[in-house]
Amino acid sequence: MKGFSKRTDSIQEYYFSQKLKEVNQLREEGKPIINMGIGSPDLPPHPSVVDSLHQSSLLPTSHGYQGYQGIPALRNGYADFHQKHYGVSLSADTEILPLLGSKEGIMHISMTFLDEGDQVLVPNPGYPTYTSVTKLLLAEAVYYDLKSENGWYPDFDELEKMDLGKVKLMWVNYPHMPTGAKADLKVFERLIAFGRKNHIIIVNDNPYSFVLEDNPKSIFQIGGAKEVALELNSLSKTSNMAGWRVGFVAGKPEWISAITKVKSNMDSGMFLGIQQGAIAAMSLGRDWYGGLNEIYSKRRKLIWELAEKLGLEFEKDTAGMFVWAKLPKGKTSDELVDNLLYDKSIFVTPGHIFGTQGEGFIRFSLCVEEESIKEAINRLS
């Protein structure tokens, strides 16, 4: 037998894939684990979404292969959604590509633009998949630090000092995961100017724009952004459809066409029933998002109480479905995570998995029922 690809030497199994095996083993041993680690929505989609899937699945014509670009109604649905909530027009025919979740879009975009040895600007802390996909393609991840004293936004002065000659892509993610830093149009303006000046494609990963955020933002609200930017979006968090795997990438026609070329060789389209469900989800009004945020707001206040009992510091003016909390000096995130897991049967995420700038922090998920959070608080009393 010959060996594995050298790509496998550059990455490790995803943290949650590894750690959840340990958590599940503890549950099998009878431990009452409260999982505050992963951001998988525990609430259901709107009933109209499930009904659309059901009705479509009853049709005998629904079960064949679908087009690689999704049905026109799905692309039109996203174009209408984008116009309604972000105030930005997109061409449904040429500027939108549906995805099987936005995570696969990270791979498709990277495969479209990167060659071996190219460099990619990756936020630190940031979503680990930006790094792993870059390494899988034998490109190089170049990290740019995000710091609390700078609002968890890029330090453009430091970026301009870097050798950017081999950089093709820059990953950004606002509202930011894991810190919860909100999207800011002034920051988007600087990102677009930075990308234009240095001939770098800016990719904004935007799945949290409605979660605990009254004014959703898109990088395309900045004039001229389509010339240098792409944007990923997803129904996983905003519509409680994480397992359905529905996402989108938007951008100028020639880039969407190139990404389609890659994607069409990777899958055979999205099940029609899921597309119909996604259309129903995107037609929901602001009352849907308001209802979700009312629930998340109540949960977040309880998580703040839990964090205070642990002696942690955190910021309250944030968006997204996590609380990012700073540990007291002298403690590591792994130490606190393991103490909570083994002593209190509470699982949270260590900040270091998001990069070196994440050490000294832990992340709490809001995808936990209020009663479970209250139980966690009681366990610390």
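In the block above lies the structure referred to throughout.
Caption draft 1: Looking closely at the overall build of the protein chain. Each helix and strand in the protein chain was counted, giving twelve helices and 13 strands. Taking 381 residues into account, the globule formula puts the C-alpha radius of gyration at 21 Å, and the protein chain, at 21 Å, falls close to it. On the principal axes, the C-alpha backbone points of the protein chain span a range of 55 × 55 × 55 Å. For the protein chain, the residues scored as buried account for 55% of the 381 residues in total. Sequence-distant contacts in the protein chain: of pairs separated by 6 or more residues, those separated by 24 or more amount to 76%. Carbon and sulfur atoms make up 50% of the accessible area of the protein chain, which totals about 16800 Å². Put simply, the protein chain has 41 plus and 47 minus side-chain charges, and the middle of one group is 0 Å from the middle of the other.

Caption draft 2: Layout of the packing of helix H3 (residues 72-86) against helix H9 (residues 272-282). At a closest axis distance of 9 Å, the pairing of H3 and H9 adopts a crossing angle of 20°. One element, H3, and the other, H9, form an angle in the roughly parallel class. Every pair of crossing elements has a handedness; the one defined by H3 and H9 is left-handed. Residue-level inspection shows Ala73, Leu74, Gly77, Tyr78 and Phe81 of H3 in contact with H9, the latter providing Gln275, Ala278, Ile279 and Met282. Here the contact of H3 with H9 is composed, by residue class, of seven nonpolar, two polar and no charged.

Caption draft 3: Representation of the sheet that holds strand S8 (residues 247-250) in the model. Read from one edge of the open sheet, seven strands run S2-S8-S7-S6-S5-S3-S4, paired in mixed fashion. For this open sheet the edge positions go to strand S2 (96-99) and strand S4 (140-145), each flanked by a neighbour on one side alone. Geometrically, the sheet is characterised by an average inter-axis angle of 20° between neighbouring strands, direction not taken into account. Relative to S8, strand S7 (residues 229-234) runs antiparallel, the two sharing four bridges. By the bridge assignment for S8, serine 234 is matched with glycine 247. Packing against the sheet, helix H4 (residues 102-113) makes contact with S2, strand S5 (167-172), strand S6 (201-205), S7 and S8, and its axis sits at approximately 155° to S7. Taken strand by strand, helix H5 (residues 128-136) contacts strand S3 (119-124), S4, S5 and S6, and its axis lies near 155° from that of S4.

Caption draft 4: Here's a closer look at the pattern of salt bridges. A full pass over the atoms with the stated rule returns 15 salt bridges. With a shortest N-O distance of 4.0 Å, lysine 252 and glutamate 254 are connected by a salt bridge. A relative accessible area of 12% means that lysine 252 is categorised as buried. Note that glutamate 375 and arginine 379 form a salt bridge whose closest N and O atoms lie 3.0 Å from each other. A residue pair is termed a helical-turn pair when its members lie 3 or 4 positions apart in one helix, as glutamate 375 and arginine 379 do in helix H12 (residues 370-380) at four residues. The buried category is assigned to arginine 379, whose relative accessible area is 18%.

Caption draft 5: Inspection of the nonpolar core at higher detail. Of all hydrophobic cores here, the largest spans 119 residues; its most connected members are Met36, Ile109, Leu121, Met170, Leu230 and Phe364. By residue number, the principal contributor to this core is helix H10 (residues 286-309), which donates nine residues. Those residues in contact with phenylalanine 364 that sit more than four places away from it in its chain are Met36, Ile303, Leu306, Ala307, Leu310, Leu312, Met321, Phe322, Val323, Ala325 and Val348. Of all hydrophobic cores here, the second largest spans six residues; its members include Leu20, Val23, Ile33 and Leu341.

Caption draft 6: Quick look at the sheet that holds strand S10 (residues 322-326). A sheet is described by the order of its strands in space; here four strands give the open sequence S9-S10-S13-S12, paired in antiparallel fashion. For this open sheet the edge positions go to strand S9 (313-314) and strand S12 (349-350), each flanked by a neighbour on one side alone. Examined bridge by bridge, S12 and strand S13 (residues 361-365) share two bridges and lie antiparallel to one another. The residue of S13 that forms the bridge with proline 350 is isoleucine 362. This element, H10, spans S9, S10 and S13 of the sheet and lies at about 145° to S13.

Calculation notes
- Residues numbered from 1 in each chain as written.
- Predicted model: local features only at pLDDT ≥ 70, side-chain atom pairs only at ≥ 80, totals over all residues.
- Heavy atoms only, no water.
- Helix = DSSP H or I, 4+ residues; strand = E, 2+ residues; numbered from the N terminus.
- Rg over C-alpha atoms; globule rule 2.2 N^0.38 Å.
- Buried < 20%, exposed > 50% of the residue type's maximum accessible area, 1.4 Å probe, protein only.
- Contact = heavy atoms within 4.5 Å.
- Areas by Shrake-Rupley, 256 points an atom, 1.4 Å probe, with all protein chains shown as cover.
- Lys, Arg positive; Asp, Glu negative; His and termini not counted.
- Charge placed at Lys NZ, Arg CZ, Asp CG, Glu CD.
- Axes fitted to C-alpha atoms, helices over the stretch in contact; angles between N-to-C directions.
- Parallel < 35°, antiparallel > 145°, perpendicular 65-115°, else oblique.
- Left-handed = near helix turned anticlockwise from the far one by under 90°.
- Nonpolar A, V, L, I, M, F, W, Y, C, P; charged D, E, K, R; others polar.
- Pairing = 2+ DSSP bridges.
- Salt bridge = Lys/Arg side-chain N within 4 Å of Asp/Glu carboxyl O.
- Core = buried A, V, L, I, M, F, W, Y, C linked by side-chain atoms within 4.5 Å.

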